[in-house]
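Remarks on the overall topology
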Amino acid sequence: MTSHSSYIPPKIWQQTISGGAFANINRPVSGSTHEKELPLGKHPIQLYSQGTPNGIKVTIMLEELLALGYTGAEYDAWLIRIAEGDQFSSGFVEVNPNSKIPALLDHSGKTPLRVFESGSILLYLAEKFGALLPRDVATRTEALNWLFWQMGSAPFVGGGFGHFYVYAPEKFEYPINRYTMETKRQLDVLNRRLAENRYLAGEEYSIADIATWPWYGCLVQGTLYDAGEFLSVKDYPNVKRWADEIAARSAVIRGRKVNRTGNDGVAERHQASDLD
């Protein structure tokens, strides 16, 4: 559908009801909207999240750590229903002033330590347990290159392509074309990298892959936005090979179930048997 808008921005922007899937929670200010304490479970690590691509980065990471034998990575995962505004509670805002999932509290020290932003959480956990981040300086740097590439690139896929292709109240040709082009460019970046490397940092699976797979892996597998045909994901065989390999990992299968409702997930996770 082609649309030619005659909209002229005013000198000073004023908020209006724009519609769309998330219109009820969008607002131009930060801070809490209601008083509510966050629940606490029995484990030192408390995760407050939802099973979105950013959310399952962390649950996959925790399940990978548990699979490697790091028992200190046991965790309680509490569902934050972002469509209902749970992220604007006073308790959640104390953990993440940006009111975005995922957010984590680590109670293993003398005082609780808050960690927010998915990339920061992955890096924190990798350093805390000494796992899933290469120790060799060159390979570690390459892993961090791709971790931060993902953090900077995915908003074009989510807030750009995903929003206008799936969630916007109307379909507009210009933004869909704009963000489709950028999404395909990013897939090509990955495809070229993975043509010569098993994983993003090289031959070693790392937090770079854990961060990137829920967005780009799920995109080429058709489980994100149902846009595989539209994006011609068959043109990125190396990304597909990488995506399929990671999807088959037991920790990934377990991690992607957490904080999801419906038959394919569990709303909360407090012990390993919750996922069995």
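See the structure printed just above.
Keep in mind the model is a prediction, meaning the values are calculated, not measured.

1. As for the packing of helix 3 (residues 118-129) against helix 6 (residues 207-221)
The geometry of helix 3 relative to helix 6 is characterised by a closest axis approach of 10 Å and an angle of 150° between their N-to-C directions. Judged by the inter-axis angle, helix 3 sits roughly antiparallel to helix 6. With respect to the hand of their crossing, helix 3 and helix 6 are arranged in right-handed fashion. In this structure, helix 3 contributes Leu122, Leu123 and Ala126 to the contact, and helix 6 contributes Ile207, Ile210 and Ala211. When its residues are assigned to classes, the contact of helix 3 with helix 6 shows six nonpolar, no polar and no charged.

2. What about the packing of aromatic side chains?
In this description, an aromatic ring pair is defined by two values, namely the gap between the centres and the angle between the planes. Under the counting rule described, the total for this entry stands at eleven aromatic pairs. For the pair Tyr167 and Tyr225, a centre-to-centre distance of 6.3 Å together with 80° between the ring planes defines the contact as edge-to-face. In this pair, Tyr167 is assigned in helix 4 (residues 137-167) and Tyr225 in the loop between helix 6 and helix 7 (228-231), connecting sequence segments 58 residues apart. Exposure remark for Tyr167: the relative accessible area of 32% places this residue in the partly exposed category. Accessibility expressed as a relative area gives 15% for Tyr225, which makes it buried. By the ring-pair criterion, three or more aromatic residues cluster together here, those being Phe161, Tyr165, Tyr167, Tyr225 and Phe230. The ring centre of Tyr179 lies 5.6 Å from the NZ or CZ of Arg178, which sits over that ring. Lying over the aromatic face of Tyr75, Arg269 brings its terminal NZ or CZ to 4.1 Å of the ring centre.

3. Digging into the pattern of salt bridges
Inspection of the entire model under this criterion finds 15 salt bridges. In this structure, Glu245 engages Arg241 in a salt bridge whose closest nitrogen and oxygen atoms are separated by 3.9 Å. Of this pair, Glu245 and Arg241 both sit in helix 8 (residues 237-247), separated by four residues, roughly a single helical turn. Residue Arg241 is classed as partly exposed on the basis of its relative accessible area of 32%. Residues joined in a network through salt bridges with shared partners are Glu63, Glu74, Arg254, Arg269 and Asp276.

4. Digging into the environment of Leu105
On the secondary structure map, Leu105 appears in strand 3 (residues 103-106). Since its relative accessible area comes to 14%, Leu105 is described here as buried. Between the C-alpha atoms of Leu105 and Phe116, which are eleven residues apart in sequence, the distance is 8.8 Å.

How each quantity is defined
All residue numbers refer to positions counted from 1 along the written sequence of the respective chain. It should be noted that, the model being predicted, local features are given only for residues of pLDDT at least 70 and side-chain atom pairs only at 80 or more, the latter also being counted only at that level, while totals for whole chains, interfaces and linings use all residues. To obtain the side-chain values, all non-hydrogen atoms of the structure were included, while hydrogens and water were left out. Axis geometry follows a simple rule: fit a line to the C-alpha atoms, using only the stretch in contact for helices, then measure angles between N-to-C directions, giving values from 0 to 180 degrees. What counts as a helix is a DSSP run of H or I of at least four residues, what counts as a strand is a run of E of at least two, and both are numbered from the N terminus. To sort the angles, those under 35 degrees are grouped as roughly parallel, those over 145 as roughly antiparallel, those from 65 to 115 as roughly perpendicular, and the leftovers as oblique. Each crossing gets its handedness from the near helix: less than a right angle anticlockwise from the far helix is left-handed, clockwise is right-handed. In this description, contact between two residues means that some pair of their heavy atoms is separated by no more than 4.5 Å. Gly is placed with the polar residues, together with every amino acid not listed as nonpolar (Ala, Val, Leu, Ile, Met, Phe, Trp, Tyr, Cys and Pro) or charged (Asp, Glu, Lys and Arg). When two rings of Phe, Tyr or Trp (its six-membered ring) have centres within 6.5 Å they constitute a pair, described as stacked for plane angles under 30 degrees, edge-to-face for angles over 60, and tilted for the intermediate range. Summary of the burial criterion: residues with accessible area below 20% of their type's maximum are buried, those above 50% are exposed, and those between are partly exposed, where the area comes from a 1.4 Å probe applied to protein chains only. We call a charge positioned over a ring when the NZ of a Lys or the CZ of an Arg lies within 6 Å of the ring centre and within 35 degrees of the ring normal. Criterion for a salt bridge: a side-chain nitrogen of Lys or Arg within 4 Å of a carboxyl oxygen of Asp or Glu.

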